[in-house]
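Topology and contacts: notes
Listed below are the residues making up each chain.
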Amino acid sequence: MLVLSRYLLMPFALIAAILFLMGSHIIGTALHHQVAWQRTVATVADVSPYSEMQANGLKTDGIDVALAYVVNDVPMTWSGKGKDVGLYKAAKGDQLEFYYDPADPSNLDTAAMEGWRGGLLLLGVTGGFTLFYVWFFWLRGRHATA
């Protein structure tokens, strides 16, 4: 029964490992932006909601935003889908802190790591499950031969 459980739980362990790696990448990217990129405060110049239909028939709602910000005393603007810069709700006139890439100041990212507690919980659960699975089903009971 233990051998059957080992192989029945393998897809779940692989999914958990992939989720752990994805979460680690997202948190690592956000931390890299906070360390290596520069901060600026952007003012929301315009906001308009949009809806788009996906190929599978699902409708996605979001906001189109126009941002105005200053980089090295040079006024800059950015416009596009809010989700591209991590912005999911905003009102005209809001001032938001962003990080920008010093090599390409038009490349923005939100300064806030929203949902980081949930991300850490996801990392803990998926990493813990994967480690327990590997230990319990693959490493436990192995004896070193001398």
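Details of the structure are given in the entry above.
Note that this is a predicted model, so its numbers are computed, not measured.

**Looking at the overall build of the protein chain**
Across its full length, the protein chain carries three helices and five strands. Listed N to C, the secondary structure of the protein chain is α-α-β-β-β-β-β-α in terms of helices and strands. Compactness check: the protein chain gives a C-alpha radius of gyration of 22 Å against a globular reference of 15 Å for 146 residues, more than 25% above the reference. Viewed in the frame of its principal axes, the protein chain has a C-alpha envelope of about 70 × 40 × 25 Å. For the protein chain, restricting intrachain contacts to residue pairs at least 6 apart in sequence, the fraction spanning at least 24 positions comes to 60%. Carbon and sulfur atoms make up 64% of the accessible area of the protein chain, which totals about 10,100 Å².

**Digging into the pairing of strand β5 (residues 104-110)**
Here four bridges tie strand β4 (residues 95-101) to β5, and the two strands are oriented antiparallel to one another. Among the inter-strand pairings, Tyr100 is bridged to a residue of β5, identified as Leu108. A loop of two residues connects β4 with β5, the two strands running antiparallel in sequence.

**Thoughts on the packing of aromatic side chains**
Taken as a whole, this structure holds six aromatic pairs when the rule is applied. Both rings, one in Tyr7 and one in Trp138, keep their centres 5.8 Å apart while their planes meet at 85°; by these two values the pair is edge-to-face. Placement of the pair is Tyr7 in helix α1 (residues 2-8) and Trp138 in helix α3 (residues 116-139), with a sequence separation of 131 residues. Using a relative accessible area of 25% as the deciding quantity, one classes Trp138 as partly exposed.

**Topic: the sheet that holds strand β1 (residues 38-53)**
Spatial ordering of the open sheet is given by β3-β2-β1-β4-β5, a layout of five strands whose pairing is antiparallel. Here the strands that pair on one side only, and so sit at the sheet edges, are β3 (74-81) and β5. If you compare each strand with its neighbour and ignore which way they point, the axes differ by 40° on average. In terms of strand pairing, strand β2 (residues 59-71) meets β3 through eight bridges, oriented antiparallel. Paired with Ala68 across the bridge in β3 is Thr77.

About the cut-offs
Every residue gets a number counted from 1 within its own chain, in the order that chain's sequence is written. Confidence filtering applies because this is a predicted model: local features only for residues at pLDDT of at least 70, side-chain atom pairs given and counted only at 80 or more, and all residues used for totals across whole chains, interfaces and linings. To get the side-chain values, take all heavy atoms of the structure and skip hydrogens and water. Strands here are runs of E lasting at least two residues and helices are runs of H or I lasting at least four, both read from the DSSP assignment and numbered beginning at the N terminus. C-alpha atoms define the radius of gyration, and 2.2 Å times the number of residues to the power 0.38 defines the globule rule. Contacts are assigned to residue pairs that have any heavy atoms within 4.5 Å of one another. Methods summary: accessible areas were calculated by the Shrake-Rupley approach with a probe of 1.4 Å, and residue burial reflects only the protein chains presented. For two strands to pair, DSSP has to find at least two bridges joining them. Only centres within 6.5 Å qualify two rings of Phe, Tyr or Trp (six-membered ring in Trp) as a pair; their planes then separate them into stacked at under 30 degrees, edge-to-face at over 60, and tilted for everything else. When a residue's accessible area, from a 1.4 Å probe over protein chains only, is under 20% of the maximum for its type it is buried; when over 50% it is exposed; and in between it is partly exposed. Here, axes are lines fitted to C-alpha atoms. For helices the fit covers the stretch in contact, and angles between N-to-C directions go from 0 to 180 degrees.

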